[in-house]
Amino acid sequence: MPKPTASLLPLALLFAATSATASDNLSTLKQMSLDELADLRVSIATHRTERQEDTAAAVSVLTAEDIRRSGATTLPELLRTVPGLNVARISATEWAVSARGFNNQLANKLLVMVDGRSVYTPFFSGVLWDELNVVMQDIERIEVVRGPGGSTWGANAVNGVINILTRHAEDTQGSQLSVVAGDMQSELVARNGFKAGESGFARVWAKVHQQDRLQLPQGGDTADKHWRGGRAGFRGDWDLGPANLMIEGETFREMKPDEREYSGAHLLGQWARNTGDARDELRGYFNRFTLDRWAVMGNGAKAQLDTFDLNYRHLFAETGMHNLIVGTGYRSVRSEAEMVPPSAVSRANRTDQLFSAFAEDTLSLAERLKLTLGVKVEHNDYTGIEWQPSARIRWSPAAGGTLWASVARAVRTPSIIEDSARFISFVAPSRLTGGLPMSVTSNGNANLNTEQLTAYELGYRIQLTPKLSVDATVFLNDYDRLVTVDMIGRPALVPAFPSPYLNWSAVTGNQLQGQAHGFELSADYRPSETWRLQASYAYLDLNLKARPGNNEITPLRAEGESPRHQASLISRHDLRHDLELDLQARYVSALTTYAIADYVTADLRLGWRATSRLDLALNGRNLIGPARKEFGTNIVNASDAYLIPREYYVTANLRF
Amino acid sequence: MGARFWLAPLLAALVALTHAAGPSADSFAENDVKAAFLYNFVHFVRWPDTVAHKPGDPFRYCVLDETLAPLLTKALAGESVDGHPLMTVRQPELRNVHECQILFLGEQASLGGLSQTELLRRIASQPILTVGDQPGFTARGGMIALVKKRGRIHPVINTDATDRTELKISAKLLNLATLTRDGKGNAQ
C-alpha cells in the first residue's frame, strides 16, 4: 500500500506548477525598465525573437540606454561595462579586448560584427578597435556572447561574439548634434533623419574626433601619438509590405601620424520577407579596408582588402516539435599587401573564398525543455573544410529560472600574416644575446592549421525576486593547435663588419594546446524604478602547454595576459527627474606576463537634462589611483603600452 | 513495489512540465505594455510642487478608455510614490479634470462634448500629462502618444506640448522616445 504522502506529492507538484504560472504578464511587465518595455514585441506570434533569459548561452545585452548612461565615447570603453569581458587600453588608439582569456592587442578569438558585417580582419586576425569608431548614439543594442558561436557565425567566433546593431532609421528622425569636449579628447557628431519616400526613413550622419596621445611610462622609448579621424554615412529602412529593406553605407579615415593610417568604405543591403510564420533573409555587403600605413618596430606594411559577402537564411515555420533555420553564404576577400623590406609577404596579391552552409534545429522536447542542434560547415582557402557543430539544451522549470548546458566546437582560421608574411624584428643587445644585437626573422607558414576549441558550458539564470535576478555560467574550454612562433635551431652569428649580429629564424606553427576554465557571476538588482545596480565577478584559469617540438621563446605568454579575477559594480541612479548619477567601478587582477599590478578604478557620470531637447553630462574616468598601464608590450603586440590617465569630459546632446 | 514510489512523482513532474505553459516569454498584449508604460511615467515625469498635495492624497490616473482602465487599475493596485497611492479614475468629469495628474485618452475619448483637440487645448497649460495611443494624438496637442511601431510600443513626445506646462520629462524617457513638435503632422 502506498503511503498517503506518496499519492499527494503529484498533486502538490501540479499545484506548484500552476500557481507559478498564475503570475501574470502585467506583473512581469511592471518589473521591466522603460527601455525593456520599449523593446518588447507585442502580440506577435513568432517565437523567433528570443529574450535573453531564454537563450542557452552566456549572453549580455547593452541597450541604447545602457550605452548612453555609460558615457563611453569608444566601443572598447563601453565594453568595459559587460560582465566577463576583459578590456585593457594600450595607447590612444589601441585596446586589447577579449572574453575568457587570450587577450592581446591582436586578440584573435573574438568575432565582432556591425549589422551582420564582419569587422574582424583576416589580414592579421583580430579587430582594429580604432577602425571601428562607430557613432555611439546610433547603436540600438549590442549583444555580447561569451563562449563559442562557430555553429551560427562561422570561423573565428571562438571565445565570443559581439554583435553591434545600429538603429532603424525610423528611430533617428529629426536632427541631432552631439559634442564631446575634454582634457584628452573631443568629438562632434551631426545626424539628420528624414522620411525617404512613402514607406521609408533615412538618416545621414558625420563624425569627427580626436584623442590626445597618452603618457609614456618610465623607461618607455617611443612616444604615443595623437589620433584623429572622421567618417560619414547613411542608413535607410523601407517597409515593403511583407518585406523590409535596409541599406547602409559609410566611408572613413583614421590617422595616427607615422604609425597607422586607415581608410575604407562599405555598402550593405539587407532584405527580409515574412511569409506566414516563415522568414527569408538576404544580406550582402561590399567592404573596402585600406591600410595606408602601418609601422611598428621597424616593420611597415600597406594593404588593401576588398570583401564581398552574401548571406541567405531561411527560417521555417514551426512544424511539430521542430524549429528549423538553414542558411548559406559566400565571401571573397581580395587582398593586396606590401611590406617594407626586408619584411615581405610571399603571396602579396590573393583572393580567398569562403563557402558556408549552416542548419540549426530547435527541438521542443517538452513544453519547458528545448534542445538546439546546429552545425556550420565552411570551406576556406587556408585549411579546407571546417565543421563547427554545437548542441545546446535549456530547461525552464515551472518554478522559474533557466538551466542550460552546451557543448560546441569552434575554429580560428589562419590570417594572411600567419600564412605568408616574413617579419624581421630587432632585439637590442642584452646579456641574453651575449651583448650583440639580434635580428629575428619570423616566417609565415602556408601549412598552418586552424586553432580548435571544444567548449563545455553550464549556466543558470533566475529572477529571484521582482527586484533581483542572478546569472551564473561555468565553462571549460579545451584548445588545440593554437598558433605559435617556433624558433628554428640556435641563433647564428653573422660576422658583419664592423658590427656583427645574431640572426635567428622562426616559423609559425600550431604547437600549443591547453585548457581554460572559469565561471562568471552577475546580479541585477533594482531597489526602485529609478535605481539599478549590477554586480559581476569573473574567474579565469588558463593552463597552456607547448606540444613537443615547440621552441617558442614565451609559449605560455597568454596565461598571464588575461586577469584571473575581474569584478565590477555599476550603479545607475536617477536622482531627480533631471539628474542622473552613474558609477562604474571595477577590479582587475594582475597581468603576470607584463608585471602589471592589480587595480581598482571607477568612472562617474553626472547627467543633467537641461531642456526637453538638450542633455548635458559631466564624465570622469579612471578616478581612483594614479595613471597606470593596463597592458604590456612584447615582440608580438609590438607597440608600447602607455599610462592610462584620469580623464574628464563633458558631453552635450541636442535634438532639434 | 519501490519503482512505483519513484514513478508517481516523476510522472506528475512530467505532466506539470508539459502542461504548465507560463506567460509567453516573447509576446505580450499591447494594452498590458501600455499599462506598464503608464505606470512607469510617474517615475520619469516631474510634476510642479504646487501639485504636491498633502501626504496620503492619491496620485490620479484618469483613464478614458474602457480596455485600458481595468488593466491600469490592476497595475496600480498597492503602488504608491512618495506616500501618494496611485489610483485610477475612470471617466472623470470635465470640471474635475484638473485633479488628474495623468490623463489617458482612448481613440474617440473626450469630455463634456468637446472634441479631443478642444479638450487638449483647454488643459494645455495645466500640469496634466496627456497620453494617447493614436498616431495623431501629439499633432492634436497631446503630450505622449504610445504608438505601435514595428511590433513594439513606442513613445512619441510632443516637446512643445510638455514645455507649455511645468511638467518635466526625464532624460531617460526623452531619449527613448521620438520627439516631435506642434504642427509636425502625424508622428512617425
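Residues numbered from 1 in each chain as written. Chains lettered and ligands numbered in written order. Predicted model: local features only at pLDDT ≥ 70, side-chain atom pairs only at ≥ 80, totals over all residues. Heavy atoms only, no water.

## What about the overall build of chain B?
- Within chain B, the secondary structure is distributed over 6 helices and 10 strands.
- For chain B, buried positions account for 53% of its 188 residues.
- Restricting to contacts in chain B with at least 6 residues of sequence separation, those with at least 24 account for 58%.
- Accessible surface, chain B: about 8,200 Å² in total, of which carbon and sulfur atoms supply 52%. (Helix = DSSP H or I, 4+ residues; strand = E, 2+ residues; numbered from the N terminus. Buried < 20%, exposed > 50% of the residue type's maximum accessible area, 1.4 Å probe, protein only. Contact = heavy atoms within 4.5 Å. Areas by Shrake-Rupley, 256 points an atom, 1.4 Å probe, with all protein chains shown as cover.)

## As for helix α2 (residues 30-44) of chain B
Residues and elements named next belong to chain B.
- Given a rise of 1.5 Å per residue, 15 residues ought to cover 21 Å, and the 21 Å separating the end C-alpha atoms of α2 matches this to within 8%.
- Most of α2 is tucked away, with 12 of its 15 residues classed as buried.
- Every buried residue of α2 is listed here: Asp-32, Val-33, Lys-34, Ala-35, Ala-36, Phe-37, Leu-38, Tyr-39, Asn-40, Phe-41, Val-42 and Phe-44. (Expected span 1.5 Å × (residues − 1).)

## Details of the environment of B:Leu68
Residue and element names in this part refer to chain B.
- In this structure, Leu-68 sits in helix α3 (residues 68-76).
- Here the alpha-carbon distance between Leu-68 and Lys-34, two residues 34 residues apart in the chain, equals 8.0 Å.
- Apart from residues lying up to four places away in sequence, Leu-68 is in contact with Asn-31, Lys-34, Ala-35, Leu-38, Val-63 and Phe-104.

## Considering the sheet that holds strand β5 (residues 117-118) of chain A
Residues and elements named next belong to chain A.
- Read across the open sheet, the 5 strands follow the order β1-β8-β9-β4-β5; overall the sheet is mixed. The open sheet has two edge strands with one neighbour each: β1 (58-63) and β5.
- Pairing of strand β4 (residues 110-114) with β5, which is carried by 2 bridges, proceeds in the antiparallel orientation. Paired with Met-113 across the bridge in β5 is Ser-118. (Pairing = 2+ DSSP bridges.)

## Digging into the nonpolar core
- The biggest cluster of nonpolar side chains holds 47 residues, and the ones touching the most others in it are B:Phe37, B:Phe41, B:Leu129 and B:Ile144.
- The dominant element in this core, judged by the number of residues it contributes, is α2(B), at 9 residues.
- Residues in contact with B:Phe41, not counting those within four places in the same chain, are B:Trp47, B:Ile102, B:Leu129, B:Val131, B:Ile144, B:Leu146 and B:Leu173.
- A:Leu75, A:Val82, A:Leu110 and A:Val134 belong to the second largest nonpolar core, which has 37 residues in total. (Core = buried A, V, L, I, M, F, W, Y, C linked by side-chain atoms within 4.5 Å.)

## Here we look at the state of the cysteines
Residue and element names in this part refer to chain B.
- Counting across every chain of the model gives 1 disulfide over all chains.
- In this model Cys-62 forms its disulfide with Cys-100; the gap between the sulfur atoms is 2.0 Å. The S-S bond linking Cys-62 to Cys-100 shows a torsion near -95°; that makes this disulfide left-handed. Placement of the pair is Cys-62 in strand β2 (residues 59-64) and Cys-100 in the loop between β4 (84-90) and β5 (102-105), with a sequence separation of 38 residues. (Disulfide = S-S within 2.5 Å.)

## With respect to the sheet that holds β5(B)
Residues and elements named next belong to chain B.
- Spatial strand order, β3-β4-β2-β5-β6-β7-β8-β10: 8 strands in an open sheet with mixed pairing. Taken across any chain shown, the strands that pair with only one partner, and hence form the sheet edges, are β3 (80-81) and β10 (178-180).
- In the sheet, β2 pairs with β5 via 4 bridges, with the strands oriented parallel. Its bridge partner lying in β5, Val-63 is registered against Phe-104.

## What about the pairing of strand β18 (residues 322-339) of chain A?
Residues and elements named next belong to chain A.
- As paired strands, strand β17 (residues 299-315) and β18 are joined by 15 bridges and run antiparallel to one another. Looking across to β18, one finds that Leu-305 is bridged to Ser-335.
- Hairpin connection, β17 to β18: the antiparallel pair is bridged by 6 residues, and Gly-320 has positive phi, about 60°.
- Here 15 bridges tie β18 to strand β20 (residues 349-366), and the two strands are oriented antiparallel to one another. Note on β20: the bridge partner recorded for Arg-334 is Thr-351.

## Overview of the side chain of A:Asp138
Residues and elements named next belong to chain A.
- Take Asp-138: it is sitting in the loop between β7 (126-127) and β8 (139-146).
- Residue classification places Asp-138 among the buried residues on the basis of a relative accessible area of 4%.
- Within the local environment of Asp-138, its side chain forms a polar contact with the side chain of Arg-191, the two groups lying 2.6 Å apart.
- Those residues in contact with Asp-138 that sit more than four places away from it in its chain are Thr-166, Arg-167, Thr-172, Arg-191, Arg-203 and Trp-205. (Polar contact = N/O pair within 3.5 Å; in protein donor to acceptor, adjacent residues only side chain to side chain.)

## Regarding unusual backbone geometry
Residues and elements named next belong to chain A.
- Of note, the amide linkage connecting Pro-341 to Pro-342 takes the cis form, showing an omega dihedral of 10°.
- Tracing the chain through its elements places Pro-342 in the loop between β18 and β19 (344-345).
- A cis amide bond, omega 5°, links Phe-497 with the succeeding residue Pro-498.
- Note that Pro-498 resides in the loop between β27 (468-494) and β28 (501-528).
- At Ala-595, a residue that is not glycine, the phi angle is positive and equals roughly 50°.
- Position of Ala-595 among the secondary structure elements: in the loop between β31 (579-588) and β32 (599-611).

## Re the environment of B:Pro92
Residue and element names in this part refer to chain B.
- By secondary structure assignment, the location of Pro-92 is in the loop between β4 and β5.
- Judged by relative accessible area, Pro-92 falls into the buried class, the value being 8%.
- Through-space distance from the C-alpha of Pro-92 to that of Gly-142 is 18 Å; in sequence the pair is 50 residues apart.
- If we ignore the near neighbours within four places in the chain, the residues touching Pro-92 are Cys-62, Leu-64, Cys-100 and Leu-111.

## Structural notes on the pattern of salt bridges
- Under the defined criterion, the tally for this structure stands at 68 salt bridges over all chains.
- Members of the salt-bridge network, linked through shared partners, are A:Glu65, A:Arg68, A:Arg69, A:Arg572, A:Asp574, A:Glu580, A:Asp582, A:Arg605 and B:Lys172. (Salt bridge = Lys/Arg side-chain N within 4 Å of Asp/Glu carboxyl O.)

## Let's talk about the pairing of β5(B)
All names here are of chain B.
- Because side chains alternate across β5, one face comprises the buried residues Ile-102 and Phe-104, and the other comprises Leu-103 and Leu-105, equally buried.
- Sheet topology places β5 next to strand β6 (residues 129-132); 4 bridges connect them, and they run parallel. Note that in β6 the partner of Phe-104 across the bridge is Val-131.
- In this fold, β5 hands off to helix α4 (residues 116-122), which returns the chain to β6; that crossover is right-handed. (Right-handed = clockwise from strand over helix to strand, strands pointing away.)

## Structural notes on the packing of aromatic side chains
Residue and element names in this part refer to chain A.
- All told, the structure shown has 11 aromatic pairs over all chains when counted by the stated rule.
- Look at Tyr-262 and Phe-289: their rings are 5.5 Å apart centre to centre, the planes differ by 50°, and that puts the pair in the tilted class. Here Phe-289 lies in strand β16 (residues 278-296) and Tyr-262 lies in strand β15 (residues 260-275), a separation of 27 residues in the sequence.
- Tyr-262 sits in the buried class, given a relative accessible area of 1%. (Phe/Tyr/Trp six-rings, centres within 6.5 Å; stacked < 30°, edge-to-face > 60°.)

## Section: a nonpolar patch on the surface
Residue and element names in this part refer to chain A.
- The grouping of Trp-395, Leu-403, Leu-458, Tyr-460, Val-474, Phe-519 and Leu-521 at the surface amounts to a nonpolar patch, some 570 Å² of accessible area in total.
- Elements with a minimum of two residues in the nonpolar patch: β26 (451-465) and β28.
- Along the chain, Phe-519 falls in strand β28. (Patch = residues over 30% accessible without salt bridge, like charges linked within 9 Å, V, L, I, M, F, W, Y side chains within 5 Å.)

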